[in-house]
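Residues per chain, in single letters:
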Amino acid sequence: MPTSFGKSLSLYCALLCGMTLVPATALAQPSRDDLSVQDLKRVEKVTQPTSDFTKAEAFENKSAGAPTSKKSVTSKSFSHSSANLPFKGERDFKLGNSLFKKIWVSSPSSTKASDGLGPLFNARSCQRCHLQDGRGHPPESNEDLATSMFLRLSVPPRTDAEKQAITTGTLLRIPEPTYGGQLQDQAVTGLPAEGKMRISYEEEVVELEGGESVSLRRPSYSVAELAYGNMDPEVMLSPRVAPPMIGLGLLEEIHEQDLLNLADPEDKDGDGISGKASLVLNPETGQKEIGRFGWKASNRNVHTQSVNAFAGDIGLSTPDLAAHWGDCTEKQPSCLSQPHGSQHNLGEGEAPQKVLDLVVFYSRNLAVPARRNVNDPTVLKGKELFYKSGCISCHKPKFVTRRDAAQKELAFQLIWPYSDLLLHDMGEGLSDNRPVGNATGREWRTPPLWGIGLTEKVNGHTNFLHDGRARNLLEAIIWHGGEAKQARDNVVAMSPEERKSLITFLESL
């Protein structure tokens, strides 16, 4: 019996006997500095995993608390604003939305406020990667532009200076010397794109209990049509699809101590789960903070995530990152000779402060849709299986956000992201063999599951995991390894009817 399964049973028995069960490790854990003693007790009680699967929990249908969107399910379900925004917030959200969808053009142009694209880029707008504010997918064929998927590039640190930069956090990875931090498959007129991502798949069949099987596709990645010479022989490639945008502001407001209390990098409790926090340098304070965003949790907040996306994906500079030529390197002089779109009369950077602020506000306030069918018997059975199989060891169901959140609409909300935002070893099968910061090549951030059941409705596909290799939720589960192997094996051992219930629960999120 997996340890996490045993813990669920222990909690269940304790409740039946009228006992109050407090894990021994919790007694020594530091508490939050934003809560009174009374509030802390309330929060600890409400965020305990349930052991009653006969009915939905209180407020379970409101995945994001008061900001939850209650609008009808459509292809626009990831594009609504936080439900509790005031009038001014709605105005700023709509302005941010227009900028998120804005098509940028190369310089010089008559549309001065839209100058600055590239010169090398992956998309001409934020929306082109985050389609309908949702999940990206691999290209349909090698002839297609990747658009919502790209390749990260880096090389191992070699010099003492590079090794020191990684150790201190000044750099999270060493860019490939010629092609920079990611492969850009598009370019402005007159300039060649860097190259094309190539993907090939091998199918392998995994047998499941009950006579069922699932076919997994194992991807291999390479680069073709390189326009600026050969890549470094030690280059490390890592494919990434664009993740969904919903609930980012709420994830940002989970108290750091709640996340640190979940971390157990040395697996001191012996349960096989050894999540650790991604630690990212804050250049303003010189201190390391918890990374929460990106597949390796390498961005500490929505602002930083947006700044890096502007520069890397679209090739736009901001007041925080004066990269007028995006990801161009010194070995690409034809790229660096292109005109840029920064204009002092409009503000510093090609995406000036006001543009950046509105895009960040929009990104923080994309609402999580309400849960569906929370009291359906099949959903409840699937929920029980999800909990007792050990999935919640990493996909932590719920948190209460900071009471002192900078934006009051996001403060003190009971949310259900089903993630601990920590890094976990997911096994060799999912490894990209490419470290980022203190994340190894086998480690990935636990992705939030809220909204996952609406992926097909919003984006027209069911591709999951960091590179979209999984074509459905069951494939995504069976790819789990490393720390998640026991939970994965529990799913393999289920009856077909139980697996169907589990998937039905996930589709209700």
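Attention in this report is confined to the structure presented alongside it. Source: prediction; values computed, not measured.

Conventions adopted
Residues numbered from 1 in each chain as written. Predicted model: local features only at pLDDT ≥ 70, side-chain atom pairs only at ≥ 80, totals over all residues. Heavy atoms only, no water. Helix = DSSP H or I, 4+ residues; strand = E, 2+ residues; numbered from the N terminus. Buried < 20%, exposed > 50% of the residue type's maximum accessible area, 1.4 Å probe, protein only. Contact = heavy atoms within 4.5 Å. Axes fitted to C-alpha atoms, helices over the stretch in contact; angles between N-to-C directions. Parallel < 35°, antiparallel > 145°, perpendicular 65-115°, else oblique. Nonpolar A, V, L, I, M, F, W, Y, C, P; charged D, E, K, R; others polar. Expected span 1.5 Å × (residues − 1). Pairing = 2+ DSSP bridges. Left-handed = near helix turned anticlockwise from the far one by under 90°. Phe/Tyr/Trp six-rings, centres within 6.5 Å; stacked < 30°, edge-to-face > 60°. Lys NZ or Arg CZ within 6 Å of the ring centre and 35° of its normal.

### Thoughts on the overall build of the chain
Item 1. On a plain count of helices and strands, the chain comes out with 16 helices and 12 strands.
Item 2. Across its three principal axes, the chain shows a C-alpha extent of roughly 75 × 50 × 50 Å.
Item 3. Counting only residues that meet the buried cut, the chain has 55% of its 509 residues in that class.
Item 4. If you take every contact in the chain between residues at least 6 apart in sequence, the share linking residues at least 24 apart comes to 70%.

### Description of the packing of helix 12 (residues 377-388) against helix 16 (residues 496-508)
Item 1. Relative to each other, helix 12 and helix 16 sit at 100°, their axes nearing to 7 Å. When the axes of helix 12 and helix 16 are compared, the pair comes out roughly perpendicular. Note on element contacts: helix 16 touches helix 12 through E498, S501, L502, T504, F505, L506 and S508, opposite T378, V379, K381, G382, K383, L385 and F386.
Item 2. Counted by class, the contact of helix 12 with helix 16 contains six nonpolar, five polar and three charged residues.

### Looking at helix 16
Item 1. The end-to-end C-alpha separation of helix 16 is 19 Å, in line with the 18 Å expected for 13 residues at 1.5 Å each.
Item 2. Three or more residues of helix 16 are buried, namely R499, S501, L502, I503, F505, L506 and S508.
Item 3. Of the surrounding secondary structure, the elements contacted by the buried residues of helix 16 are helix 12, helix 14 (473-478) and helix 15 (485-492).

### Re helix 9 (residues 302-314)
Item 1. In this model, helix 9 (13 residues) spans 17 Å end to end at C-alpha, consistent with the 18 Å of a helix rising 1.5 Å per residue.
Item 2. For helix 9, the full list of buried residues reads V302, S306, V307, F310, A311, G312, D313 and I314.
Item 3. Residues of helix 9 that are buried in the fold lie against strand 1 (120-121), helix 5 (126-129), strand 2 (149-154), helix 7 (248-252) and helix 11 (353-364).
Item 4. Two residues or fewer past helix 9, G315 is found with a positive phi of approximately 80°.

### Remarks on the pairing of strand 6 (residues 236-241)
Item 1. Burial runs high along strand 6: five of the six residues are buried.
Item 2. Sheet analysis places strand 2 next to strand 6, joined by six bridges and oriented antiparallel. Looking at strand 6, one finds that F150 is bridged to R240.

### Observations regarding the packing of helix 9 against helix 11
Item 1. As a packed pair, helix 9 and helix 11 sit with axes 9 Å apart at the nearest point and diverge in direction by 120°. Between helix 9 and helix 11, the crossing angle belongs to the class labelled oblique. Read as a crossing pair, helix 9 and helix 11 show a hand that is right-handed. Residues V302, H303, S306, V307 and F310 of helix 9 lie in contact with helix 11, whose contacting residues are Q353, L356, V359, V360, S363 and R364.
Item 2. Counted by class, the contact of helix 9 with helix 11 contains six nonpolar, four polar and one charged residues.

### Here we look at the packing of aromatic side chains
Item 1. Across all of its chains, the model carries eight aromatic pairs by this definition.
Item 2. Centroid distance Y418 to F505: 6.0 Å. Interplanar angle 75°. Geometry classified as edge-to-face. Of this pair, Y418 sits in the loop between strand 10 (414-415) and strand 11 (423-425) while F505 sits in helix 16, placing them 87 residues apart in sequence. For the pair Y418 and F505, a shared accessibility class is recorded, and that class is buried.
Item 3. An aromatic cluster of three or more residues is present, and its members are F53, F386, Y387, Y418 and F505.
Item 4. K396 extends its terminal NZ or CZ atom over the ring of F399, reaching a point 5.4 Å from the ring centre.

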